[in-house]
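The chain contents come next:
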Amino acid sequence: MQRLKVIRNMELIFNAELKNDTPVFLGGYDTLYYRDGSSEGLRSQSVKGLMRYWMRVYYATQEYNLDEISEKTNNILGGKSKDGKELITSKVKISCYTRDMPSFILPMDIPRINLLKLGKYQLNYAEELESELSLYNRDLDENHKRLVIGSLVTGIILSGIGKMSRRGFGCFSMKIKKDCTGIFKENINGLFESDNLDDKKTSIINIIKETRKCIQPKRNYGNVLPPIHSFSHCKMYIIKVQDRMKAIQDLQEFTVRSLRQRQIRPDNITNQHHAWFLGLPREQRGTGYTGYIYINNNKNKIERRASPMFIAVHNNFAIITIFKSKDWPTQILWKGKNKPQPIDVISAINNAYNVINSELNIYLQNKRYQVVEIDSNQLN
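Notes on the packing of helix H1 (residues 44–61) against helix H4 (residues 142–158)
Stage number 1. Taken N-terminus to C-terminus, the directions of H1 and H4 make an angle of 105°; their axes are 8 Å apart at the nearest point. When the axes of H1 and H4 are compared, the pair comes out roughly perpendicular. On H4, the residues touching Val47, Leu50, Met51, Trp54, Met55, Tyr58 and Tyr59 of H1 are His144, Leu147, Val148, Gly150, Ser151, Leu152, Thr154, Gly155, Ile156 and Leu158.
Stage number 2. Its residues assigned to classes, the contact of H1 with H4 comprises 12 nonpolar, five polar and no charged.

If you want it as structure tokens, here you go:
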């Protein structure tokens, strides 16, 4: 599937073949991946968005503040200047040559699929998608080249692309053909080819360590939570997988109270009012969790706060990453049968994070999954 381009005044720094492990929902305005005889394909904008997200995680890991993270990321991938008056041109060019096989949605008893189908257009998706992905750069030093490639590789491992990308869909295997840094190829190829969970753990740790090393640490947060997701405050679970779609169903069911309670009794996430940590809003029939922020002393309801839990399902393994950060609403209200109860978010984060991790461990054991763990100390 070789379709390498020659881009004037730009250097090819990375080339890899991607193949989807789980269905890819890259639909447009009407949720459809395929319409009028053509498909969305794997777009360079989607890849750059993935790369940008995880590059920001790496800067947060090295203890940059939000303004610094935005400035540093925009200087590499393009965006607004520090004063907001100019647009910075990206120093990275992404090329995706895609071959795909669209398919209409199959009956799937999976929570997020059922939710997405409610009141929506009929869904379709990429059942098989292969893409040759190339990165080109202009005027980047060696550390920034490593950061660009490492951010992309990390995103491919820990999350998906498209709709439901934090819930096991849109995940890809990667085979690297060219890596100008000489760092990632062995770890990536070993990660996706090995059947041993400890080998996979070693590869993931190496990739994250090598990527974060290319950013000079800025300051010491101490016990203060990072402003956004950071590898300094996270936990990962690498899970042996036999059936990918069954794994997606099982892992998604952990986030749904009624389905989780089939495996866990008592359910401390529900009983201790920590379900907000799995994403906001979580409301049903006038009860549940609602988040608010205060702007100029005015209370404003937030539309959405995505879950800090990422589920990625690959060919023979899945990986769950749970982050702990302070980018939550100012106030969260829980409403049961009685009057709403406020939750002090800052003081509740540590306990919620610990309970979620503890309950997930029990859930995976009850589901009889083989698991190895990575904690943030191992990523230093």
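Back to the write-up after that little detour.
Looking at the sheet that holds strand E1 (residues 11–20)
Stage number 1. In spatial order, the strands read E6-E7-E1-E8; together these four strands make up an open sheet with antiparallel pairing. The outermost strands of the open sheet, each flanked by one partner alone, are strand E6 (92–104) and strand E8 (172–179). Across the sheet, the axes of successive neighbouring strands diverge by a mean angle of 15°, strand direction being ignored.
Stage number 2. Looking at chain direction, E6 and strand E7 (residues 124–137) are connected through 13 bridges and run antiparallel. Note on E7: the bridge partner recorded for Met101 is Glu128.
Stage number 3. Those strands touched by H1 are E6 and E7, and its axis lies near 115° from that of E6.

Rules used throughout
Residues numbered from 1 in each chain as written. Predicted model: local features only at pLDDT ≥ 70, side-chain atom pairs only at ≥ 80, totals over all residues. Heavy atoms only, no water. Axes fitted to C-alpha atoms, helices over the stretch in contact; angles between N-to-C directions. Helix = DSSP H or I, 4+ residues; strand = E, 2+ residues; numbered from the N terminus. Parallel < 35°, antiparallel > 145°, perpendicular 65-115°, else oblique. Contact = heavy atoms within 4.5 Å. Nonpolar A, V, L, I, M, F, W, Y, C, P; charged D, E, K, R; others polar. Pairing = 2+ DSSP bridges.

Fair warning: the whole summary comes from geometry, so function is off the table for now.
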